[in-house]
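# Coordinates in review
Here's the letter readout for the chains.
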Amino acid sequence: MAAVNMQQGYTAVLWVLAVLGMEATALGECELTRLLQDKLQYEMRLQYMKHYFPINYMVQVQYEEVLRPSNITRLRNGTVSEVALRYLWFHVSSQAVLRIHEVLPEKHPSWKYTQELCQLFDALGKEYSKYRQSDVEAVVADLVKLIHSTGVESRRKAVRPKALLDNCLKVMRMLYGAPCQWEST
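These numbers were taken from a predicted model, which means no experiment stands behind them.

This part is about the overall build of the protein. A tally of helices and strands in the protein yields 8 helices and 2 strands. The burial tally for the protein puts 42% of its 185 residues in the buried class. The contacts in the protein between residues at least 6 apart in sequence include a share of 87% that link residues at least 24 apart. Split by element, the accessible area of the protein, about 10700 Å² in all, is 56% carbon and sulfur.

Right, dumping it as structure tokens:
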């Protein structure tokens, strides 16, 4: 009985959001990004992405694979939808985690941690599989295509692994904090 009432309440909330014209995030997105937020706690990022790497170690990424809060603000001011921004964040962040994971030997102390992050992004990818690049603004679709293009010469940038995950977390909090009703942490 309680599950039925909860489901009816959830349906009512989604209906109100739809009537108000607000974009609601899928419940699965909120749960998965909350798990990602837990995995990206400062202590874990510090241990696995800084302490277990050589001093000043850098990962080579495409210039477009570095997504900072200032980039999101600029895109928001350019009237890019929140759905498109979350779509972009997913592609950039999952690619960044994959880049870090690819440079690690299986016996590296950070390998299992990055493997778990990859698995969370794979699960989140199932949530985003319903989106097509034609569903998002052209600027975002072009960036996603560029991120996933292979063999294309693009500008490369050396970035510390921890900085990539710091940006991933900051942007995720910007995009999911309010719609998923996270407490400020």
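Read on, since the account is not over.
What follows concerns the packing of aromatic side chains. Following the criterion strictly, the structure yields 6 aromatic pairs and no others. Here the aromatic rings of tyrosine 48 and tyrosine 52 are separated by 5.6 Å at their centres, their planes lie at 75°, and the arrangement is edge-to-face. Taken together, a centroid distance of 5.2 Å and an interplanar angle of 35° make the contact between phenylalanine 53 and tyrosine 57 tilted. Taking the relative accessible area as the measure of exposure, phenylalanine 53 reaches 9% and is therefore buried. Given the relative accessible area of 28%, tyrosine 57 is considered partly exposed. An aromatic cluster is built from Trp89, Phe90, Phe121 and Tyr176, whose rings are joined through pairwise contacts. Across from the ring centre of tyrosine 176, 5.8 Å away, lies the NZ or CZ of arginine 86, which sits over that ring.

The rules behind these values
Residues numbered from 1 in each chain as written. Predicted model: local features only at pLDDT ≥ 70, side-chain atom pairs only at ≥ 80, totals over all residues. Heavy atoms only, no water. Helix = DSSP H or I, 4+ residues; strand = E, 2+ residues; numbered from the N terminus. Buried < 20%, exposed > 50% of the residue type's maximum accessible area, 1.4 Å probe, protein only. Contact = heavy atoms within 4.5 Å. Areas by Shrake-Rupley, 256 points an atom, 1.4 Å probe, with all protein chains shown as cover. Phe/Tyr/Trp six-rings, centres within 6.5 Å; stacked < 30°, edge-to-face > 60°. Lys NZ or Arg CZ within 6 Å of the ring centre and 35° of its normal.

The values are spatial; any link to function lies outside them.
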